Amino acid sequence: MQTVLISGGGIAGPVLAYWLRRHGFGATVVERAPGPRPGGQAVDVRGVALDVVERTGLLERARSVRTRMRGMSILGPDGQEVDRSTEATFSSGRLDSDDIELLREDLVRMVHEHTRADVEYLFGNSITALDERETGVRVDFAHGASRTFDLVVGADGLHSTVRRLAFGPEERFTHHLGSYLSVFSADNFLALDDWQMWLRDGDAGFGIMPVRDNTELRIAFGFESGPLAHDPGALRQFVADKLASLRWNGTRLAKAALEAPDFYCDAMAQIRLDNWSRGRVTLLGDAGYCPSPLSGQGTSLALVGAYVLADRLARAHGEHRAAYADYDRRMRSFVTLNQALATENPGGPASEASVAHAKNALSLDG
């Protein structure tokens with residue numbers, strides 16, 4: 001039985017592990033966090049990615065925890081409502097769509113629960129070195145003894161350790177899109193009832209949505225900026241200062257950002273490589289082709305990529321060179337279309353036609 005080490009226990013990694021196990025491979029997932037990561041924004045599962053979720057056996061469960069928004073308000077800088085919609089929201093698109101919007105942490109948790117019986121998980125650990133040999137890859141870990149695997153997959157996000165170790169420094173492949181996104185939770189001090197609020201004030205703006213039966217807010221704050229130092233503490237203070245300058249509820253939002261246990265902030269950026277594989281190592285999801293949250297398709301790309309990669313490895317009977325090349329051929333145009341969603345209309349949502357085309361531009365059975 002061929003063994004595959006997957007770095008990253010978010011969404012792409014565990015879904016890949018599920019399908020590898022179905023195809024007869026051994027799968028180990030290593031994740032730096034001590035368990036499935038909480039927090040994060042609402043994510044969308046769209047088009048062909050819904051087929052992946054259904055085939056994985058999670059569609060009904062995903063539907064049961066989807067967001068139930070009634071609509072949204074668009075506010076001016078002083079908090080006055082300038083427009084509203086009961087047909088669509090900026091986060092999920094049309095409310096009558098078959099697409100599913102759910103919290104990232106809910107999807108992470110359900111995928112982990114669905115796979116933990118058959119997949120080896122190494123939480124609280126990370127890869128520190130890769131040494132490819134003729135018969136496998138020797139992997140050193142931050143904790144514990146080195147081990148050898150037949151294949152290694154980097155599904156470890158925008159700042160992928162596997163990509164850095166196998167392909168080189170991150171700056172070679174990162175394309176900054178001129179802005180940052182911060183996501184954090186707060187008490188529902190706005191008393192929102194299945195209703196979103198969106199506001200822009202100068203070069204910054206936010207979307208606020210209630211979650212957990214309207215007991216909590218999930219706040220997504222974006223602001224224009226060139227590259228900043230990746231220092232979590234400094235970024236948190238920077239975001240709090242930006243929020244405090246807003247004219248509507250700025251002080252309250254800044255306090256929430258400073259106190260949030262799940263605070264997140266990172267660049268809106270894309271990862272672009274001419275080849276996602278090197279030897280026995282390949283990349284999946286954001287590690288290989290992050291489209292940025294501006295596309296609304298990061299989760300869908302991760303799900304589809306995981307399914308296709310496992311399928312190609314199975315079809316090639318584990319012959320990684322052929323499988324990786326086929327994976328690239330199958331996914332490349334799909335990735336390109338979805339990355340374009342983030343750049344076709346900077347500062348605003350992509351057109352409905354572009355989204356519809358991109359999310360269905362690949363067949364799982366091809």
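Reading guide: rules and limits
Residues numbered from 1 in each chain as written. Predicted model: local features only at pLDDT ≥ 70, side-chain atom pairs only at ≥ 80, totals over all residues. Heavy atoms only, no water. Helix = DSSP H or I, 4+ residues; strand = E, 2+ residues; numbered from the N terminus. Rg over C-alpha atoms; globule rule 2.2 N^0.38 Å. Buried < 20%, exposed > 50% of the residue type's maximum accessible area, 1.4 Å probe, protein only. Contact = heavy atoms within 4.5 Å. Areas by Shrake-Rupley, 256 points an atom, 1.4 Å probe, with all protein chains shown as cover. Lys, Arg positive; Asp, Glu negative; His and termini not counted. Charge placed at Lys NZ, Arg CZ, Asp CG, Glu CD. Pairing = 2+ DSSP bridges. Right-handed = clockwise from strand over helix to strand, strands pointing away. Axes fitted to C-alpha atoms, helices over the stretch in contact; angles between N-to-C directions. Salt bridge = Lys/Arg side-chain N within 4 Å of Asp/Glu carboxyl O. Parallel < 35°, antiparallel > 145°, perpendicular 65-115°, else oblique. Left-handed = near helix turned anticlockwise from the far one by under 90°. Nonpolar A, V, L, I, M, F, W, Y, C, P; charged D, E, K, R; others polar. Core = buried A, V, L, I, M, F, W, Y, C linked by side-chain atoms within 4.5 Å.

Q: Would you mind showing me how to read the overall build of the protein here?
A: Across its full length, the protein holds 11 helices and 20 strands. Its C-alpha atoms give the protein a radius of gyration of 20 Å, within 12% of the compact-globule value 21 Å for 366 residues. When its C-alpha atoms are laid out on the principal axes, the protein stretches across 65 × 40 × 35 Å. Across the 366 residues in the protein, those meeting the buried criterion constitute 55%. Taking contacts inside the protein between residues at least 6 apart in sequence as the whole, the part at least 24 apart equals 68%. When the accessible surface of the protein is summed, it comes to about 15600 Å², and 48% of that surface belongs to carbon and sulfur atoms. Both charge centroids of the protein, one from 40 positive and one from 48 negative side chains, sit 4 Å from each other.

Q: Help me understand the pairing of strand β2 (residues 26-31) in this model?
A: On any regular strand, side chains alternate: one points to one face of the sheet, the next to the other face. Most of β2 sits out of view: 6 of its 6 residues are buried. A two-sided burial pattern is seen for β2, the buried positions comprising G26, T28 and V30 on one face and A27, V29 and E31 on the other. With 5 bridges connecting them, strand β1 (residues 3-7) and β2 associate as parallel partners. Paired with T3 across the bridge in β2 is G26. The parallel pair β1 and β2, bridged by helix α1 (residues 12-22), forms a crossover whose chirality is right-handed. Across 4 bridges, β2 lies against strand β9 (residues 120-123) in parallel orientation.

Q: I'm lost on the sheet that holds strand β15 (residues 195-201) in this one. Help?
A: Within a beta sheet, neighbouring strands are joined by backbone hydrogen bonds and run either parallel or antiparallel to one another. Ordered in space as β5-β4-β15-β16-β17-β14-β18, the 7 strands form an open sheet in which the pairing is mixed. Since the sheet does not close on itself, it has two edges, and those belong to β5 (81-85) and β18 (264-271), each with one partner. Within this sheet the neighbouring strands show an average axis-to-axis angle of 20°, counted without direction. Lying over the sheet, helix α6 (residues 232-244) contacts β14 (174-187), β17 (216-224) and β18, oriented at roughly 90° with respect to β17.

Q: Mind showing me how you'd approach the pairing of strand β8 (residues 100-103) here?
A: Burial along β8 is two-sided: the face carrying I100 and L102 and the face carrying E101 and L103 are both buried. Bridging between strand β3 (residues 42-45) and β8 involves 4 bridges; their strand directions are antiparallel. Each residue of the ladder has a partner; that of V43, found in β8, is L102.

Q: Mind showing me how you'd approach the pattern of salt bridges here?
A: Close approach of charged atoms allows side chains of opposite charge to pair. Across all of its chains, the model carries 27 salt bridges by this definition. One salt bridge in this structure joins D326 and R329, with 3.6 Å as the shortest N-O distance. With D326 and R329 both in helix α10 (residues 320-340) and 3 residues apart, the pair spans about one turn of that helix. Exposure remark for R329: the relative accessible area of 59% places this residue in the exposed category. Each of E105, D106, R109, R212, E216 and R218 takes part in one network of salt bridges that share partners.

Q: When you look at the packing of α1 against helix α9 (residues 298-315) in this model, what are you seeing that I'm missing?
A: If you want to describe how two helices pack, look at the angle between their axes and the distance between the axes. Interhelical geometry of α1 versus α9 gives an angle of 30° and a closest axis separation of 8 Å. In terms of orientation, α1 and α9 fall into the roughly parallel class. The element α1 and its partner α9 pack so that their crossing is right-handed. Here A12, V15, L16, W19 and L20 of α1 come into contact with α9, specifically with A302, L303, A306, Y307, L309, A310 and L313. In terms of residue class, the contact of α1 with α9 is made up of 12 nonpolar, no polar and no charged.

Q: Help me out: how do you make sense of the sheet that holds strand β20 (residues 281-283) in this one?
A: The sheet built from 6 strands is open, its strands ordered β9-β2-β1-β13-β20-β19 with mixed pairing. Looking at which strands have only one partner, the edges of the open sheet turn out to be β9 and β19 (277-278). Relative to strand β13 (residues 151-154), β1 runs parallel, the two sharing 4 bridges. Note that in β13 the partner of S7 across the bridge is G154.

Q: Explain the nonpolar core here, please?
A: What tends to happen in soluble globular proteins is that the nonpolar side chains get buried as a cluster. By size, the foremost hydrophobic cluster in this structure holds 106 residues, and its most contacted members are I6, L16, L243, L284, V304 and M331. It is α9 that contributes the most residues to this core, 10 residues altogether. When near neighbours in sequence (up to four residues on either side) are disregarded, I6 contacts G13, L16, A17, L20, T28, V29, V30, V153 and A155. Among the nonpolar cores identified, the runner-up in size contains 5 residues, and A42, L103, M209 and V211 belong to it.

Q: What exactly am I supposed to notice about the environment of D51 here?
A: Position of D51 relative to the elements: it lies in helix α2 (residues 48-56). Judged by relative accessible area, D51 falls into the partly exposed class, the value being 33%. For the pair D51 and S363, spaced 312 residues apart in the sequence, the C-alpha separation amounts to 9.5 Å.

Q: For this particular structure, what's the right way to read the packing of α1 against α2?
A: Closest axis-to-axis distance for the α1/α2 pair is 11 Å, and the angle between their directions is 55°. By the angle between their axes, α1 is oblique relative to α2. As for how α1 packs across α2, the hand of that crossing is left-handed. Between α1 and α2, the residues in contact are V15, Y18, W19 and R22 and V52, R55 and T56, respectively.

All we've got here are geometric facts, nothing functional implied.
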